[in-house]
Amino acid sequence: MEPQWLTEHEQAAWLGLASVLTALPRELDAKLRRDANLSHFEYITMAMLSQTEDHTLTMSRLATITGATLSRLSHVVSRLEKRGWVRREASSSDARSTHAILTEEGYAKVVEVAPSHVSHVRSLVIDALTEAQLGQLQRITERINARLG
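Fair warning: this is a prediction, and the values are worked out from it, not measured in the lab.

Draft legend 1. Seen up close, helix 4 (residues 70-82). Compared with the 18 Å implied by 1.5 Å per residue over 13 residues, the 18 Å span of helix 4 between its first and last C-alpha is a close match. The complete set of buried residues in helix 4 reads L73, V76, V77 and L80. Down the axis of helix 4, the buried set is contained in an arc of 100 degrees. They therefore lie on one face. Exposed side chains of helix 4 directed beyond 90 degrees from the buried face belong to H75 and K82. Looking at the packing, one finds that the buried side of helix 4 touches helix 2 (40-50), helix 3 (59-66) and strand 2 (86-90).

Written out as structure tokens, the structure is:
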């Protein structure tokens, strides 16, 4: 069966997205490593925990929110545990679940790093787009993420 090749317009859109998918994570990761000795994924993991009322999520929920496999998340949480920023605790209501809990030190690290990170995100992405384009970007990423599951 012959593949349905991309049109010139489709290829330009795809290659633009592919470039962003490569360059943006690299740039975010490099700055966080320089400024805070954190990977972008470590920061996102801690930031997602910081946004919950009790700074706690089950590992499976945290994996879903961060888009990680449980295996990858487990490795990252292990590194964060060694630094005293996250701890794990068995769920009292479900023996199969483990909670990831952001420690006070971890929360302080997120609070310290967040202003610089948000400024960087703003300079790379948010400020480059109009309000209408931000709405389009949100709708586009929602549709793509729905297909990715």
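Draft legend 2. A look at the pattern of salt bridges. Throughout the structure, instances matching the rule amount to eight salt bridges. As a salt-bridge pair, K31 and D35 come within 2.4 Å of each other at their nearest N and O atoms. Of this pair, K31 and D35 both sit in helix 1 (residues 8-36), separated by four residues, roughly a single helical turn. Between K109 and E112 there is a salt bridge, with its nearest N and O atoms 3.8 Å apart. Taken together, the residues K109 and E112, both in helix 5 (residues 104-124) and three residues apart, mark about one turn of the helix.

Conventions we followed
Residues numbered from 1 in each chain as written. Predicted model: local features only at pLDDT ≥ 70, side-chain atom pairs only at ≥ 80, totals over all residues. Heavy atoms only, no water. Helix = DSSP H or I, 4+ residues; strand = E, 2+ residues; numbered from the N terminus. Expected span 1.5 Å × (residues − 1). Buried < 20%, exposed > 50% of the residue type's maximum accessible area, 1.4 Å probe, protein only. Arc of directions from axis to C-beta. Contact = heavy atoms within 4.5 Å. Salt bridge = Lys/Arg side-chain N within 4 Å of Asp/Glu carboxyl O.

These figures come from the coordinates and say nothing about function on their own.
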